[in-house]
Number of protein chains: 2
Amino acid sequence: MLTQEIRNSLDIADLNQLKYNLNCLQPVDVGEYISQLPEKQRAIAFRLLNKDQAIDVFEYLPTEVQEELINSLHDAQVVHLVEEMSPDERAELFDELPAGVVKRLLQQLSPEQRQATSTILGYPEGTAGRVMTTEYVRLRRGLTVGEALSKIRLQDEDKETIYYAYVTDDNRTLVSVVSLRQLLFTFPDVLIKDIASPHVVKVRTETPQEEVARIMQRYDLIAMPVVDREDRLVGIITIDDVVDILEEEATEDIQKLAGVSGDEEALSPAHITIRKRLPWLLGIMGLYIGAASAIAPFQQVIAAVPVLAVIMPIFSNTGGTVGIQALTVTIRSLGVGEVTPGDTAKILRKELLAGLGTALALGMTMIALSLIWAKPQERWVALIAGAVMATNTMVAVTLGTLLPMGLKRWKLDPALMSGPLVTTMLDTIGFLTFLSMISLALNVFHLQT
Amino acid sequence: MLTQEIRNSLDIADLNQLKYNLNCLQPVDVGEYISQLPEKQRAIAFRLLNKDQAIDVFEYLPTEVQEELINSLHDAQVVHLVEEMSPDERAELFDELPAGVVKRLLQQLSPEQRQATSTILGYPEGTAGRVMTTEYVRLRRGLTVGEALSKIRLQDEDKETIYYAYVTDDNRTLVSVVSLRQLLFTFPDVLIKDIASPHVVKVRTETPQEEVARIMQRYDLIAMPVVDREDRLVGIITIDDVVDILEEEATEDIQKLAGVSGDEEALSPAHITIRKRLPWLLGIMGLYIGAASAIAPFQQVIAAVPVLAVIMPIFSNTGGTVGIQALTVTIRSLGVGEVTPGDTAKILRKELLAGLGTALALGMTMIALSLIWAKPQERWVALIAGAVMATNTMVAVTLGTLLPMGLKRWKLDPALMSGPLVTTMLDTIGFLTFLSMISLALNVFHLQT
C-alpha cells in the first residue's frame, strides 16, 4: 500500500509538481498511484512519466490498466512499452489481452522479443516454462574470467539478473554455472571452466511452479536455470517470481481449507465471491444429509431426553475443531515440504498420542459441561457424552491426518480435503455413536430420564 | 526433502565413497542427510567434510544437531565453525544454546564477530535488527566506480551479498545505494555519488519482520539496508530470509485460523501439539456454554418438535462455513497487505452483496433439506429454517469481515479471530433466533406439529 507520505506528495491538480514527483518515486508506488486514479486521469498521469520510468511503471500496473493504456496511448508508444517489457511480464499481459490486440502487438515487436514471448506462451500455465524469463547471461566454456566480465558488461543492461552466468556447450546444453561474485574474485586470465560449478541446480520447463519455488528456497538461489528435455538452457527463473509463487500457494492452501476455491481477494467482485464459495456450501449441505440422517431415526429418543439437543452441538463444534486442527497442520506441513506421505505412520502415531491426552481433557470437560444442563436423573447422559467426546477426538485426529496424506499419496491436492468436509464426516460419525449409545442405555439397560 | 538419487549415493558403510559424495553435494542436502542419521553417526559423517564444506553445512543443520556437534567436536574446530557462521545464523544458534556454552563460545570469537553477534542479539525477536546480518559492503561517498570495484574485490568473500553497496557519510549515515550491476556498467572514473541513488528503501532496526518482508517483496529487492534511529547503517536483510519469514507468517495465519497457536509442525512432539491446541479447544468449549445455553430453555419445544434436532446441525455447520469463508478471505487479504482497515466499508458492501445471493440459495436449499425429515404437519418448520439460514448467512459474512478488520484497526493480530470462535458465535445467534421463532410460531400462532 502507498504510505501516507507518498500519497500527500501526489496531487493531480498540480501537474508540474506531480510530474517531478512521479519521476522520482519507485515504479511500484507510481503504478499503484496510477491504478487508483479515476479511469480518465490514468492516461494523463502516465504521460507525465519520462521514457525509462514509463517502461518500469508499466510492468507494475494491473492488467486491466495496462489494457486501458494500450487503447489510449499512441501506437508507437505502446509498441515501445511492450517491446521493453521483460518477456515473462509480457507473456502474462498477452495472456489477458484480446487475441486481436495480441496479434497486432506481436507483429510490431522485434523478432527476438516476438520469439521470446511465443516461447514462454507455448508452455502450460503454472509451469517453469511459463514463469521463466528468456533474458539471462550465457557464456561459452572456452572464455577466461576477464573475457566473461567484458561480455557481461556488453550485455543489454535490461537482463533480469546478471548475478549468475550460465555456461553452455555448442548445443546450448547447460554445463555449469558461475556467479558474478566468483568472476569478480578471480584473476582475469583464469578459464571460466576452471571455476564454474558443474553441480547446477536446475529445473525442466514442465516442472510445476510450486516445485520450482521450493527448490529455489531450499538452495537459497536468487536465480535458477530452466532446461528443456534435451538439457538445453531455455530460460531462468528469478527470486522475485518465487516470492510471489510461494505467496499464491499459501493463499490457495488457506482458502481451500476454509472451503473457498483458491485465490479470492477481499475486494473481488461479488459474483466471483459467490462462484468461489457457493459450490462448496451447497456441496457441504448436500453431504450433511448424512449427518442429519444419522440423527433422524433417533427423534423419539431426543423427544424423551431433550437435553441431548443441548449437548450434541458442543461435541460437534469441539470435535470439528480437533479435526480441523490436525488437518491444517498436516496440510501445511505437506505444503511447505516438511513431510511426505512416507511420514504418515510417524505423524499418525504422534497425533494419536497427543490425541489421547486431548481426548481425556475434552471428555472430562464434556462431562462437566453436560452436568450444567442435565437433570439429576439424566446424569448418566453426561458420562456417555464424555465418552463419545473422547472417542470422537481420536477419530478426528485420525481423519485429519490420514485424509490429506491419502490424497497426497494418490497425487491429488491434499487441500481438497477442506475443513467443512472433515467436520461433516465427524458430525455424522459422532451423532451416530452418541445417539446409538443413548438409545442402547435407554432400551437395553432401561436407564430413566 | 532429499531426492532418492542423493539418498542412494550416500552409504555410511563405505566411508571413502561417502566422503567424496558429501563434499560434492549441496550443503543443504548434506545437512539434511546428517540430521537424519542416528545420533552416534552424525559426528562421524560431519568429520568427513572438508573445511569449507563443513562451514557451509553447519549453518544448515537444525539447532539440536548443531548443539550436539558442538559438544562432540574438538574445541578448536567448534570455534572455527562458529567464527565462520554468518552473524545472523550465529545469533539464531546462540539464542537456543545454554547460556554457559554461549558465554564460552563468545569469549573465543574474534572481537569483530563477537561484536556483530552481540549487536544482533540485542534486538528483540521478530524485528529487522534480529534477522539482519552485519556483513555488507559499505562505500564512502568520495570513491570512483573503479575504486569501489577494487574495494569490493578486496572484501571478505563471505559477505552475504555484494550485489548492492551502501554509501555512507562520515557518521555512517546511509546516504545512497548502488548496485553491482550499475558499477559494472559504468566507466571506472565516474564518481560513485554521481550514479548512486539517494532514494533508498530501508527499514529501522525495530521494524517488525513481516513488514520488512512485505517491503522487500513490494520493491523486488534482493537486499535491504537496516538503519538505527539516527539513520546510521547497521546491517542488511537478504532475500533468503524474506522467503522464510513470509512462509512462517503464512503458516501462522493458517494455523491460527484453525485454532492452533502458530508454527506447529506435523512432526512436533506430542506434548508441543497438546500445548498448541488444547487451550483453544477448552476455551472454545467454555465459550460454547453460550450456544448451549441458547438451546437449553427450549428443551420442551424440541421435545414437542424433535425434527428440530435433525435440522439445527445443518444450519450450524453451513452458517459456520459461511463465516469461516469470509473470515479467511479477509484475514489473508490483510495478511498479504492487499487491503487495510480503511477498506472495511468497501469489503463489507461486497460481502453483503455476495451474501444476499448466497443467503437466497442456502435458504432455499435449507427448506428443501428440512422437508426430507419434516412430517406433513411440520412443514412450516422448514420455512422458518430457511429464513433463519438466510439471515444467519448475512450475520456470518458480517462477522467474518468486521471481526478481523476491527482487530487490525485496534492494532491486534486479526488472526486471533480464529475459525472456531466465529462458528461458536454464529451458533449462539443462530440457535437463539431459530428456536425463538419456532417457539413464537407454536405459542402465538398456535401452529401444530
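Residues numbered from 1 in each chain as written. Chains lettered and ligands numbered in written order. Predicted model: local features only at pLDDT ≥ 70, side-chain atom pairs only at ≥ 80, totals over all residues. Heavy atoms only, no water.

## Considerations on empty space enclosed by the protein
Condition: Residues are called lining when one of their atoms sits within 4 Å of a cavity or pocket point, these points coming from a 1 Å grid over the protein atoms alone, where a cavity is a set in which a 1.4 Å probe fits but cannot get out and a pocket is an open set with protein on both sides within 12 Å along at least five of seven lines. Grid points are joined across faces, edges and corners, and a volume is the space filled by probe spheres set on the points. Counting from the N terminus, the helices are DSSP H or I runs at least four residues long and the strands are E runs at least two residues long. Polarity classes work like this: nonpolar for Ala, Val, Leu, Ile, Met, Phe, Trp, Tyr, Cys and Pro, charged for Asp, Glu, Lys and Arg, and polar for all others, with Gly in that last group.
Summed over the entire model, instances satisfying the criterion amount to five cavities of 30 Å³ or more. Taken together, 30 residues make up the lining of the largest cavity; nearest its centre are Ile324, Gly419 and Thr423 of chain A together with Ile324 and Thr423 of chain B. Contributing elements (two or more residues each) for the lining of the largest cavity: α16 (239-257), α19 (307-335) and α22 (419-443) of chain A together with α16 (239-257), α19 (307-335) and α22 (419-443) of chain B. Among the residues making up the lining of the largest cavity, the classes are represented as 14 nonpolar, 14 polar and two charged. The space that makes up the second largest cavity amounts to roughly 110 Å³. Lining the second largest cavity we find 15 residues, and of these Pro313 and Phe431 of chain A together with Met312, Pro313 and Phe431 of chain B sit closest to its centre. Mapped onto the lining of the second largest cavity, the elements with two or more residues apiece are α19 and α22 of chain A together with α19 and α22 of chain B. Taken together, the residues of the lining of the second largest cavity sort by class into eleven nonpolar, two polar and two charged.

## Focus on the interface of chain B and chain A
Our working rule: Residues are treated as being in contact if the distance between any of their heavy atoms lies within 4.5 Å. Accessible area, probed at 1.4 Å, shrinks when two parts are joined; the buried area is that loss added up over both. Salt bridge, as applied in this entry: a Lys or Arg side-chain nitrogen positioned within 4 Å of an Asp or Glu carboxyl oxygen. Within 3.5 Å is the distance limit for a polar contact, defined as a pair of N or O atoms, with the added protein rule that one can donate a hydrogen and the other accept it, and that residues adjacent in sequence qualify only through two side-chain atoms.
Across the contact, 117 residues belong to chain B and 117 residues belong to chain A. Summing both sides of the interface, chain B and chain A together bury roughly 10300 Å²; the carbon and sulfur share of this comes to 65%. Of all residues in chain B, the largest losses of buried area upon contact with chain A belong to Arg181, Arg218 and Met285 of chain B, amounting jointly to 8% of the total for that side. Put simply, chain B and chain A have ten salt bridges between them. One salt bridge connects glutamate 32 of chain A with arginine 218 of chain B, and the closest N-O pair in it is separated by 2.8 Å. For the interface between chain B and chain A, the tally reads 42 residue pairs in polar contact (both at pLDDT 80 or more). When the residues that make up the side of chain B that touches chain A are grouped by side-chain class, the tally is 65 nonpolar, 26 polar and 26 charged.

## Digging into a negative patch on the surface
Convention followed: Patch definition: residues above 30% relative accessible area lacking any salt bridge, with like charges linked at up to 9 Å and the nonpolar side chains Val, Leu, Ile, Met, Phe, Trp and Tyr linked at up to 5 Å. Per-residue and other accessible areas follow the Shrake-Rupley method at a 1.4 Å probe size, with only the shown protein chains counted as cover for residues. Charge assignment in this entry is limited to Lys and Arg as positive and Asp and Glu as negative, and neither His nor the chain termini are counted. A charged residue contributes its charge at one atom only: NZ of Lys, CZ of Arg, CG of Asp or CD of Glu.
Taken together, the side chains of Glu64, Glu92, Glu96, Glu125, Asp244 and Glu248 of chain A together with Asp220 of chain B make up a negatively charged region of the molecular surface. Mapped onto the negative patch, the elements with two or more residues apiece are α8 (87-96) and α16 of chain A.

## Topic: the domain arrangement of chain A
Defined as follows: Domain start and end points were adopted from an automatic or database domain assignment.
Segmenting chain A into domains produces domain 1 (14-122), domain 2 (136-258) and domain 3 (270-445). Relative placement of domain 1 of chain A and domain 3 of chain A: their C-alpha centres are 52 Å apart.

## A short note on the nonpolar core
How we decide: In these notes, a set of buried Ala, Val, Leu, Ile, Met, Phe, Trp, Tyr and Cys residues joined through side-chain atoms within 4.5 Å is what counts as a nonpolar core. Buried, partly exposed and exposed residues are distinguished by accessible area as a fraction of the type maximum, computed with a 1.4 Å probe on protein chains only: under 20%, between the cut-offs, and over 50%, respectively.
If you look at the biggest cluster of nonpolar residues, it comprises 109 residues, and the most contacted ones within it are Leu308 and Phe434 of chain A together with Leu308 and Phe434 of chain B. Looking at this core element by element, the count peaks at twelve residues for α19 of chain A. With residues up to four places along the chain from it excluded, the contact list for leucine 308 of chain B reads Val301, Ile302, Pro313, Val381, Phe434, Leu435 and Ile438 of chain B. Ranked by size, the runner-up nonpolar core spans 105 residues in total, among them Ala128, Ile215 and Ala223 of chain A together with Val227 of chain B.

## Digging into helix α12 (residues 145-154) of chain A
This is how the line gets drawn: By arc we mean the arc of the directions from the helix axis to the C-beta atoms, nothing more.
Those residues of α12 of chain A not exposed but buried are Val145, Gly146, Ala148, Leu149 and Ile152 of chain A. Along the axis of α12 of chain A, the buried positions cluster into a sector of 160°, meaning they face one direction only. Check the buried side of α12 of chain A and you find it contacts β1 (137-140), α13 (180-184) and α14 (192-195) of chain A together with α12 (145-154) of chain B.

## What to know about the pattern of salt bridges
This model, assessed by the stated rule, comprises 38 salt bridges over all chains. Between glutamate 206 of chain A and arginine 229 of chain A there is a salt bridge, and its shortest N-O distance comes to 3.9 Å. Of this pair, glutamate 206 of chain A sits in the loop between β4 (203-204) and α15 (209-218) while arginine 229 of chain A sits in the loop between β5 (223-227) and β6 (233-238), and the two are 23 residues apart along the sequence. Taking relative accessible area as the criterion, glutamate 206 of chain A reaches 35% and is therefore assigned partly exposed. For arginine 229 of chain A, a relative accessible area of 62% puts it in the exposed group. The partner of arginine 277 of chain B in a salt bridge is glutamate 264 of chain B, and the shortest N-O contact between them spans 3.0 Å. With arginine 277 of chain B in helix α17 (residues 270-295) and glutamate 264 of chain B in the loop between α16 and α17, the pair connects residues that are 13 residues apart, well separated along the chain. Side by side, arginine 277 of chain B and glutamate 264 of chain B carry an identical accessibility label, which is buried. Connected through shared salt-bridge partners, Glu264 and Arg277 of chain A together with Lys350 and Glu351 of chain B make up one network.

## Some thoughts on the packing of helix α7 (residues 75-84) of chain A against helix α9 (residues 99-108) of chain A
Residue and element names in this part refer to chain A. Test applied: For every element, the axis is a line fit to its C-alpha atoms; helices are fit only across the contacting stretch, and the angle between N-to-C directions ranges from 0 to 180 degrees. We call two directions roughly parallel when the angle between them is under 35 degrees, roughly antiparallel when it is over 145, roughly perpendicular when it lies between 65 and 115, and oblique otherwise.
Where α7 meets α9, the axes come as close as 10 Å, and the angle between the chain directions of the two elements is 80°. Accordingly, the angle class assigned to the pair α7 and α9 is roughly perpendicular. Residues Asp75, Val78, Val79 and Val82 of α7 pack against Arg104, Leu105 and Gln108 of α9. Looking at the contact of α7 with α9, its residues break down into four nonpolar, one polar and two charged.

## What to know about the relation of the copies chain B and chain A
Stated precisely, the cut-off is as follows: All copies are superposed by least squares; the fitting set is the C-alpha atoms of residues with a pLDDT of at least 70 in both.
Take chain B, turn it by 180°, move it 0.1 Å along the axis, and it overlays chain A with an RMSD of 0.1 Å. Here the transformation between the copies is reduced to the relation of a two-fold axis. In terms of C-alpha distance to the rotation axis, chain B has alanine 303 of chain B as its closest residue, with the C-alpha 2.0 Å off the axis. Most of the interface of chain B is mirrored in chain A: 100% of its interface residues are interface residues there too.

## Side note on helix α5 (residues 51-60) of chain B
When α5 of chain B is considered as a whole, its buried residues turn out to be Gln53, Ala54, Ile55, Val57 and Phe58 of chain B. Contacts made by the buried residues of α5 of chain B are with α2 (15-24), α3 (27-36), α4 (39-47), α6 (63-72), α7 (75-84) and α8 (87-96) of chain B.

## Comments concerning the sheet that holds strand β2 (residues 164-168) of chain B
Residue and element names in this part refer to chain B. Put simply, the rule is: The pairing criterion for strands is at least two bridges between them, as found by DSSP.
Sheet architecture is open: three strands sit in the order β1-β2-β3, paired in mixed fashion. A strand with exactly one partner marks an edge of an open sheet, and here the two such strands are β1 (137-140) and β3 (174-179). Taken pair by pair, the neighbouring strands of this sheet meet at an average axis angle of 35°, ignoring direction.

## Digging into the UniProt feature "transmembrane region" (unreviewed entry) in chain A
Residues and elements named next belong to chain A. What counts is decided by this rule: UniProt positions are given in the numbering used here, feature names are shortened, and annotations may be inferred rather than shown by experiment.
Mapped onto the present numbering, the UniProt feature "transmembrane region" (unreviewed entry) falls at residues 278-298, 352-374, 380-403 and 424-445. As annotated, residues 278-298 comprises 86% helix and 0% strand, and the C-alpha atoms at either end are separated by 31 Å. Here residues 380-403 runs as 100% helix and 0% strand, with 34 Å between its end C-alpha atoms.

## Describing the pairing of strand β5 (residues 223-227) of chain B
All names here are of chain B. With five of five residues buried, β5 lies mostly within the body of the structure. Alternating residues of β5 divide into Ala223, Pro225 and Val227 and Met224 and Val226, and every residue in both groups is buried. Where strand β4 (residues 203-204) lies against β5, two bridges are found, and the strand directions are parallel. Its bridge partner being in β5, arginine 204 is matched across the sheet by valine 227. In the sheet, β5 pairs with strand β6 (residues 233-238) via five bridges, with the strands oriented antiparallel. Residue pairing for β6: valine 227 is matched across the bridge by leucine 233.

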